[in-house]
Amino acid sequence: MYKFSINKELFENILLKKTLILEKENTNYWKKEFLEPILKDDKLTYELKQFKKLMITNGLGKDKPQIVIECLKVDYSIENGCFEFHLGKILEQKNINAKDDEKDKIIEQLLKEKVELENKLKEKIKMTQQRIEF
């Protein structure tokens, strides 16, 4: 499992599933961290290290918000010149105060719409049955 400390905005976007790919720029530091040298047929090549989980934190101290998230794959984008971590499910959460959780709002909205659609469907069925009876 690899650990990242990121800014608050990016952390919240990952938590709310607005950001599905975490990007790290192509610097010597990140190359050293993510590229694994491999000797193949007497030639030195590099492969991207793959991680199954990532620990993402925001801030310092014992009570810092953190999540453990599934890492689907690590890739390198030639177009953007950065390492990309494709994020999956959130596996663990610690010290997170979700005051205005957008996912809950969306779910609530969808449930209301479902009830409205069910009511409209019931009305149409009743109207159709009444027409058949006449």
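In what follows, the accompanying structure is described. Just so it is clear, the model here is predicted, and its values are computed rather than measured.

1. With respect to the side chain of Glu33
For Glu33, the position within the fold is in helix H2 (residues 28–34). Within the buried set, Glu33 has no salt-bridge partner at all; the shortest N-O distance to an opposite charge, 4.7 Å, is to Lys32. Here Tyr2 takes part through its side chain, which lies 2.6 Å from a polar atom of the side chain of Glu33. Each residue touching Glu33, except ones within four places of it in the same chain, is listed here: Tyr2 and Lys49.

2. Quick notes on the sheet that holds strand S5 (residues 53–57)
The strands making up a sheet associate through hydrogen bonds between their backbones, and the pairing can be parallel or antiparallel. The five strands lie next to each other as S1-S5-S6-S7-S2, forming an open sheet whose pairing is mixed. Only two strands of the sheet have a single partner each, and these edge strands are strand S1 (2–5) and strand S2 (21–25). Within this sheet the neighbouring strands show an average axis-to-axis angle of 40 degrees, counted without direction. By the bridge criterion, four bridges tie S1 to S5 in an arrangement that is parallel. From the neighbouring strand, Tyr2 faces S5, where its bridge partner is Leu54.

3. Here's the deal with the pairing of strand S6 (residues 66–77)
Across five bridges, S5 lies against S6 in antiparallel orientation. Directly across from Ile56, in S6, lies its bridge partner Ile67. Sheet analysis places S6 next to strand S7 (residues 82–94), joined by ten bridges and oriented antiparallel. By the bridge assignment for S7, Val68 is matched with Glu92. Connecting the antiparallel pair S6 and S7 is a turn made up of four residues, with Gly81 showing a positive phi of about 65 degrees.

Here is what the cut-offs are and how they apply
- Residues numbered from 1 in each chain as written.
- Predicted model: local features only at pLDDT ≥ 70, side-chain atom pairs only at ≥ 80, totals over all residues.
- Heavy atoms only, no water.
- Helix = DSSP H or I, 4+ residues; strand = E, 2+ residues; numbered from the N terminus.
- Buried < 20%, exposed > 50% of the residue type's maximum accessible area, 1.4 Å probe, protein only.
- Lys, Arg positive; Asp, Glu negative; His and termini not counted.
- Salt bridge = Lys/Arg side-chain N within 4 Å of Asp/Glu carboxyl O.
- Polar contact = N/O pair within 3.5 Å; in protein donor to acceptor, adjacent residues only side chain to side chain.
- Contact = heavy atoms within 4.5 Å.
- Pairing = 2+ DSSP bridges.
- Axes fitted to C-alpha atoms, helices over the stretch in contact; angles between N-to-C directions.

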